[in-house]
Amino acid sequence: MSLRYNGFVGVFDSGVGGISVLRELVRQLPSESFVFFGDSANAPYGEKSRDQVLRRSRAIVDMLLDDGCKAIVIACNTATSAAAATLRADYAHVPIIGVEPALKPATLAPNIEHILVMATPITLRLDKYKQLAERWGSDHDVIEVPCAGLAGRIEQGRLDAPDVDELLESLIGRYRGKVDAVVLGCTHYPFVAPQIKRILGEVPLFDGAVGTARQLERRLAERGLLSKSSGPGQVVFASSKDTPEELELYRSFFTLPL
Ligand code: DGL
């Protein structure tokens, strides 16, 4: 046990995507300190089996808790669907907050009927999403698009390259003019929000980061775990692909204008 990150909140994803959630956590909770772990050596998760994602998630949570983290944010829709319930049962003493496709806020927003949900194949296949869609989507036209290959491509960076637009066009081009809103049900996708808007026009995009940050604040407050410091917290990046280039990529996603 190293307790390197005693009092930090541990945040993880299969790779760079969770940084879109981390940005919102820092915005809403500036006095907290965060250690972000990206499992880029094993990304993408969205085309793996549920068991594989659960195994990786458990190994990462063990490592973050051994390092002294006081709470865990699963900044990944796929890992939340595959692993959150099991991890919460196994680590009942630690607040574990997940992220889910923001279908609820999209259905509650005015003048929205046709909603495109972009997510990984496994997120859309698992019960957690099916229950969410049944609960919130039944009065709307919800179109689900499993975006195989997209998170893996975002992992590589250089998001202004033409192949990113081509991939998106092949996934969602046929919905141009046919949808009123888009749910970004994978934490990697906010990083290609401008490209999605170029294809679909100025439709509102919904992602789960804001709700996740609010939930983290509530859960920390409930347990008296909010940071007592009034100054800004620290943000530390770590990766299973532990090279200076990869950590530089993480830092660039943290500050990328969106
Ligand atoms: N960022 C993740 C999600 O929110 C996983 C993407 C992937 O690794 O396939 O689903």
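See the structure above.
The following refers to the structure shown.

About the criteria used
- The numbers attached to residues start from 1 for each chain and follow its sequence in the written order.
- Residues qualify for local features only when their pLDDT is at least 70, as the model is predicted, and side-chain atom pairs are given and counted only at 80 or more; totals for whole chains, interfaces and linings, by contrast, use all residues.
- The side-chain figures draw on all heavy atoms in the structure; neither hydrogens nor water molecules are used.
- Where helices and strands are cited, they refer to DSSP runs of H or I of at least four residues and of E of at least two residues respectively, numbered from the N terminus.
- Put simply, the radius of gyration uses C-alpha atoms, and a globule should come to 2.2 Å times the residue count raised to 0.38.
- Buried, partly exposed and exposed residues are distinguished by accessible area as a fraction of the type maximum, computed with a 1.4 Å probe on protein chains only: under 20%, between the cut-offs, and over 50%, respectively.
- Contact criterion: two residues are considered in contact whenever any of their non-hydrogen atoms come within 4.5 Å of each other.
- The criterion for strand pairing is that DSSP finds at least two bridges linking the strands in question.
- All axes are obtained by fitting lines to C-alpha atoms, using only the stretch in contact for helices, and the reported angles, taken between N-to-C directions, cover 0 to 180 degrees.
- Detection works on a 1 Å grid of protein atoms alone, calling trapped sets that fit a 1.4 Å probe cavities and calling open sets with protein on both sides within 12 Å along at least five of seven lines pockets, with lining residues defined by an atom within 4 Å of a point.
- Grid points are joined across faces, edges and corners, and a volume is the space filled by probe spheres set on the points.
- Three residue categories are used. Nonpolar comprises Ala, Val, Leu, Ile, Met, Phe, Trp, Tyr, Cys and Pro, charged comprises Asp, Glu, Lys and Arg, and polar comprises the others, including Gly.

Details of the overall build of the chain
Item 1. Counting its regular elements, the chain contains eleven helices and nine strands.
Item 2. For 258 residues, the compact-globule estimate of 2.2 N^0.38 gives 18 Å, and the C-alpha radius of gyration of the chain, at 18 Å, lies within 12% of that figure.
Item 3. Reported as C-alpha extents along the three principal axes, the dimensions of the chain are approximately 50 × 40 × 40 Å.
Item 4. Taking all 258 residues of the chain together, the buried fraction comes to 53%.
Item 5. Expressed as a percentage of contacts within the chain between residues at least 6 apart in sequence, the contacts between residues at least 24 apart total 79%.

Digging into the side chain of Glu246
Item 1. Its place among the elements puts Glu246 in helix 11 (residues 244-255).
Item 2. On the basis of relative accessibility, which here comes to 6%, the residue Glu246 falls in the buried class.
Item 3. Glu246 has contacts with Ser40, Glu155, Ser239 and Lys241, leaving out every residue within four places of it along the chain.

Looking at the sheet that holds strand 4 (residues 96-97)
Item 1. The five strands lie next to each other as 4-3-1-2-9, forming an open sheet whose pairing is parallel. Edge strands, defined here as strands with exactly one partner in the open sheet, are strand 4 and strand 9 (235-239).
Item 2. The pairing of strand 2 (residues 34-38) with strand 9 spans five bridges and is classified as parallel. Within the sheet, the bridge partner assigned to Phe36 lies in strand 9 and is Phe237.
Item 3. The sheet contacts of helix 1 (residues 19-28) involve strand 1 (9-13), strand 2, strand 3 (71-74) and strand 9, and relative to strand 2 the element is tilted by about 175°.

Thoughts on the sheet that holds strand 5 (residues 114-119)
Item 1. Here we have four strands laid out as an open sheet, ordered 6-5-7-8, and parallel in their pairing. In the strand order of this sheet, the two ends are held by strand 6 (141-146) and strand 8 (205-206), each with one partner.

Observations concerning the layout of surface pockets
Item 1. There is about 650 Å³ of room inside the largest pocket.
Item 2. In terms of lining residues, the largest pocket is bounded by 24 residues, among which Gly98, Glu100, Lys104, Gly211 and Thr212 are the most central.
Item 3. Looking at the lining of the largest pocket, the elements with two or more residues in it are helix 3 (77-90), helix 4 (103-108), helix 6 (127-136) and helix 10 (209-222).
Item 4. With six residues, helix 10 is the largest single contributor of residues to the lining of the largest pocket.
Item 5. Within the lining of the largest pocket, the residues separate by chemical class into nine nonpolar, seven polar and eight charged.
Item 6. At the level of secondary structure, the elements contributing two or more residues to the lining of the second largest pocket comprise helix 1, helix 9 (193-200), strand 8 and helix 10.
Item 7. Among the elements that make up the lining of the second largest pocket, the one with the highest residue count is helix 1 (four residues).
Item 8. Counted by class, the lining of the second largest pocket contains ten nonpolar, one polar and four charged residues.

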